Amino acid sequence: MGQRVRLGIPSFSELGVEIETAMAFYDDFFHQCWCISLKLWWQTMSIHGYAFLSSRWHEVIFPKVYDAQAPHFISGRPIETLCENDMLSEFALEIGAAPDDLVAAVFSAFESVTFVFPPIRLAGEDVVTSAAAYRYQDTICKIRIAL
């Protein structure tokens, strides 16, 4: 779909993340929040997950079976991914990396990504918008719009 954003882990130069969809929504306390569907790649292996961002908090989950839990900073409940449902730990073990290093690298990479929006749509009283593309290293990469 889009370009792989390289993650800055020195011993894993082929490690990258691909943004599949990105949706911004409004929360009364945290204002603009993001839900980003992504793939984490290393060589020919990949796992699918979600990143949740606000101006103060961030979370990432890579479940085998997604149960649509709201991020902890909105729901107040910690995201509880059972060990047997956590693909990130298995992926990190497989490639010989620490899961916390992978998570930190994903959020560090998002700092160099700028999302491009179509005109904002109104959904009831809430403003919901999906990014149509993102800019990374002076390249604009199209992404599909989440419905």
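I will try to describe carefully the structure that is included in this document. Bear in mind the structure is a predicted one, so any value in this text is a computation, not a measurement. (Residues numbered from 1 in each chain as written. Predicted model: local features only at pLDDT ≥ 70, side-chain atom pairs only at ≥ 80, totals over all residues. Heavy atoms only, no water.)

Let us look at the sheet that holds strand S9 (residues 133-136). Spatial strand order, S6-S9-S10: 3 strands in an open sheet with antiparallel pairing. Because the sheet does not close on itself, it has two edges, and the strands there are strand S6 (113-116) and strand S10 (139-142). For this sheet, the mean angle separating the axes of adjacent strands, direction not counted, is 30°. Inspection of the sheet shows S6 paired to S9 by 4 bridges, in the antiparallel sense. Considered in S9, the bridge of Val113 is made with Tyr136. (Pairing = 2+ DSSP bridges. Helix = DSSP H or I, 4+ residues; strand = E, 2+ residues; numbered from the N terminus. Axes fitted to C-alpha atoms, helices over the stretch in contact; angles between N-to-C directions.)

Looking now at the pairing of S9. Taken together, the 4 bridges between S9 and S10 define a ladder with antiparallel strand orientation. For Arg135, the partnering residue across the bridge sits in S10 and is Ile140.

Counting 38 residues, the largest nonpolar core has Leu15, Ile36, Leu40 and Leu102 as its most contacted members. Broken down by secondary-structure element, the contributors of at least two residues to this core are strand S2 (15-27), strand S3 (31-42), strand S4 (45-53), helix H2 (87-95), helix H3 (99-110), S6 and S9. If one sorts the elements of this core by residue count, H3 sits on top with 6 residues. (Core = buried A, V, L, I, M, F, W, Y, C linked by side-chain atoms within 4.5 Å. Buried < 20%, exposed > 50% of the residue type's maximum accessible area, 1.4 Å probe, protein only.)

Our next topic: the layout of surface pockets. Roughly 220 Å³ of volume is contained in the largest pocket. Around the largest pocket, the lining comprises 13 residues; the ones closest to its centre are Trp34, Leu53, Phe110, Glu111 and Phe115. Taken together, the elements giving at least two residues each to the lining of the largest pocket come down to H3 and S6. Considered class by class, the residues forming the lining of the largest pocket number 8 nonpolar, 3 polar and 2 charged. (1 Å grid on protein atoms, 1.4 Å probe; cavity = no way out; pocket = protein on both sides within 12 Å on 5 of 7 lines; lining within 4 Å. Points joined across faces, edges and corners; volume = space filled by probe spheres on them. Nonpolar A, V, L, I, M, F, W, Y, C, P; charged D, E, K, R; others polar.)

In short, geometric facts, not functional conclusions.
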